[in-house]
Amino acid sequence: MSDLKLATNALHAGHDVTANGGTRAVPIYQTSSYVFNNSDHAANLFSLKELGFIYTRLNNPTNQILQDRLAAVEGGIGAVVFASGTAAISTGLLTLLKAGDHIVASSSLYGGTYNLLNVTLPRLGITTTFVDASNPDNFKDAVQDNTRAFFVESLGNPKLDVLDLEAIAAHSKAAEVPFIVDNTVATPALLNPIKHGANIVIHSLTKYIGGQGTSLGGAIIDAGTFNWANGKFPEFTEPSAGYHGLVYHDALGAASYTFKLILEGLRDFGGAMSPTNAFNIIQGLETLPVRIKQHSANALELAKWLEAQDEIAWVNYPGLESSKYKALADKYLPKGQSGIVTFGHKGGYDAAKKIADNTKLFSLLANIGDTKSLIIHPGSTTHQQLDEAQQASAGVSGDLIRLSVGIEDIEDLKADLLEAFKTI
Ligand SMILES: *Cc1c(COP(=O)(O)O)cnc(C)c1O
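Numbering of residues begins from 1 in every chain and follows the order in which that chain's sequence is written. Under the rules for a predicted model, residues below a pLDDT of 70 receive no local features and side-chain atom pairs below 80 are neither given nor counted, while totals for whole chains, interfaces and linings still include all residues. Excluding hydrogens and water, the side-chain figures rest on all heavy atoms present in the structure.

Looking at unusual backbone geometry
Between Asn157 and the following residue, Pro158, the backbone shows a cis peptide bond with an omega angle of 10 degrees. Counting from the N terminus, the helices are DSSP H or I runs at least four residues long and the strands are E runs at least two residues long. Inspection of the secondary structure puts Pro158 in the loop between β4 (147–153) and α7 (165–175). Located in the positive-phi region is Thr187, a residue other than glycine, with phi close to 70 degrees.

In structure tokens:
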């Protein structure tokens, strides 16, 4: 189905109607385990001589449809879903890396990811150099002998920096390490990082893809383009003690990483997605191409309107003429720049908190990508644990207000913000 266009794949890919009892909607296979034909059949499944379902921690028919659909919309050869975006990131990195390895990452990252790389992974001997991603050469300069991955967000949250993916991909290729791109904010409906050189794409499905704020989920999409036999990844080319001597690269070739995520990542770390959440996220994915257009249109109009308000000090949205990322947005996000807008009020930190406390349509909460509009003051909430220098490199100033602009009527959203401004 992958020759079809994105909006068609978002609705159809991965779902064989005939094989699924004629169901027009994707069914929820709410089961933990699967009956084997006999012990030989079970033995073949466990030894990968035959592919099939064993246990839902490893795979499930509803999850498989979501996986195939995500691979189709991102242009990968396979995908694996997880309980959350965070489970996807941590399992994805731990499946790839070991003590002594090193990551080069953009300093403009989702707060949870920053903490994983900055605090938790170093405890396991995996270190990260954070670089200013606005200069792609910084990635090259940070490469060490033990570097084993580059990690970025295509559209940083909440800095909203659009990265020059092709320039960074060229450096990762030269360093012979996989280029991992978190594409959560941009979504596959606006940007496909694989087309620009990414080897691995990660999503928090909790955000725009699920879209309705109902279910957590995460995914890794494997482009199938990385050469795991380049000498830097012996776990792919030497017999795996954890899988009765399987040599991933010999047995599975381009699909080695996808299978390693299932056979080791999900088996050993267990961050599996529930089939009901897969169903909910499939409902969202089906309308993503339509919704993201409205999110983008509303966000652009609101950003322009905010720029015209006297009490507003600055507005950041990659689609604005005033944005320093406008040229990169024109190249990488020509169909729209998604729904996140940040701005500062002249009243600073206190005004920011007060605005977040006084909107009625914009809900004060720590999420993005819901159909409903959301607001937060990162300085006092999501980014409070970072010191001032870390906040600055993550693009968070004390006066910054983050909006996740929903698909309500734009006039109602403007009126809601105006009322909140009046409280200052
Ligand atoms: C929310 C988010 C995550 C984490 O995903 P969860 O589903 O909340 O675990 C990772 N990256 C980005 C860019 C996010 O916005």
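Concerning the domain arrangement of the protein chain
By a widespread convention, an interface's size corresponds to the accessible area lost as its parts come together. Domain annotation for the protein chain reports domain 1 (6–276) and domain 2 (289–421). Boundaries of every domain are those given by an automatic assignment or by a domain database. Spacing between the C-alpha centres of domain 1 and domain 2 amounts to 29 Å. A simple way to read buried area is as the amount of 1.4 Å-probe accessible surface that goes missing from two parts once joined, with both sides added. A combined buried area of about 3000 Å² lies between domain 1 and domain 2, and 61% of that area is made up of carbon and sulfur atoms. What makes a salt bridge here is a side-chain nitrogen of Lys or Arg within 4 Å of a carboxyl oxygen of Asp or Glu, nothing more. There are one salt bridge connecting domain 1 and domain 2. Residue Glu166 pairs with Lys331 through a salt bridge whose shortest N-O separation is 2.9 Å. Distance and chemistry together define a polar contact, namely a pair of N or O atoms within 3.5 Å, with one atom able to donate a hydrogen and the other to accept it when in protein, and with adjacent residues in sequence counting only for side-chain atoms on both sides. The interface formed by domain 1 and domain 2 includes 14 residue pairs in polar contact (both at pLDDT 80 or more). If you list the elements that add at least two residues to the side of domain 1 that touches domain 2, you get α1 (6–12), α5 (111–123) and α7. Ten residue types, Ala, Val, Leu, Ile, Met, Phe, Trp, Tyr, Cys and Pro, are classed as nonpolar, four, Asp, Glu, Lys and Arg, as charged, and the remainder, Gly among them, as polar. Considered class by class, the residues forming the side of domain 1 that touches domain 2 number 18 nonpolar, 12 polar and five charged.

A closer look at the packing of aromatic side chains
Only centres within 6.5 Å qualify two rings of Phe, Tyr or Trp (six-membered ring in Trp) as a pair; their planes then separate them into stacked at under 30 degrees, edge-to-face at over 60, and tilted for everything else. This model, assessed by the stated rule, comprises 12 aromatic pairs. Ring geometry for Phe343 and Phe421: centres 6.1 Å apart, planes at 70 degrees, overall edge-to-face. Placement of the pair is Phe343 in strand β9 (residues 340–345) and Phe421 in helix α15 (residues 410–421), with a sequence separation of 78 residues. Exposure classes here rest on a 1.4 Å probe applied to the protein chains alone. A residue is buried below 20% of its type maximum, exposed above 50%, and partly exposed in between. With relative accessibility at 0%, the residue Phe343 sits in the buried group. Residue class for Phe421 comes out buried when judged on its relative accessible area of 4%. One aromatic cluster is present, built from ring pairs that chain together Phe226, Trp228, Phe233, Phe236, Tyr248 and Tyr257.

Let's talk about helix α2 (residues 39–46)
All buried positions along α2 are accounted for by His41, Ala42 and Leu45. Considered in projection along α2, the buried side chains sweep an arc of 100 degrees and stay on one side of the axis. Exposed residues pointing more than 90 degrees away from the buried face of α2 are listed as Ser39 and Asp40. By the N-cap criterion, in which a side-chain oxygen at the helix start approaches the backbone nitrogen of a residue two or three places on, α2 is capped by Asn38, the distance to Asp40 being 3.1 Å. Two residues or fewer past α2, Leu48 is found with a positive phi of approximately 65 degrees. In this description, one arc is meant: the one made by directions from the helix axis to the C-beta atoms.

Some thoughts on the site of the ligand
The rule for a residue being near a molecule or strand is that one of its heavy atoms must lie within 4 Å of it. Within the structure, the ligand sits among 14 residues, and Thr86, Asp182, Ser204, Thr206 and Lys207 are positioned closest to it. A distance of 2.7 Å separates an oxygen atom of the ligand from a polar atom in the side chain of Thr86. A distance of 2.6 Å is found between an oxygen atom of the ligand and a side-chain nitrogen or oxygen belonging to Thr206. Every accessible area reported is derived by Shrake-Rupley at a probe size of 1.4 Å, with residue values counting cover from the shown protein chains alone. Against a free-state accessible area of 380 Å², the protein chains account for coverage of 94% of the ligand.

Considerations on the sheet that holds β9
Taken together, the five strands give an open sheet; going across it, the order is β8-β9-β12-β11-β10, and neighbouring strands pair in mixed fashion. Looking along the sheet, the strands with just one partner apiece sit at the ends: β8 (312–316) and β10 (363–364). Here β8 pairs with β9 via four bridges, running antiparallel. Each residue of the ladder has a partner; that of Val315, found in β9, is Phe343. A pair of strands counts as paired when DSSP detects no fewer than two bridges linking them.

Focus on the UniProt feature "modified residue: N6-(pyridoxal phosphate)lysine" (unreviewed entry) in the protein chain
UniProt positions are given in the numbering used here, feature names are shortened, and annotations may be inferred rather than shown by experiment. Residues annotated in UniProt with the feature "modified residue: N6-(pyridoxal phosphate)lysine" (unreviewed entry) correspond here to Lys207. Within the element layout of this structure, Lys207 appears in the loop between β6 (200–204) and β7 (218–222). Beyond its immediate sequence surroundings of up to four residues, Lys207 is in contact with Tyr110, Thr184, Asn367, Ile368 and Gly369. The contact criterion used throughout is that any non-hydrogen atoms of two residues lie within 4.5 Å.

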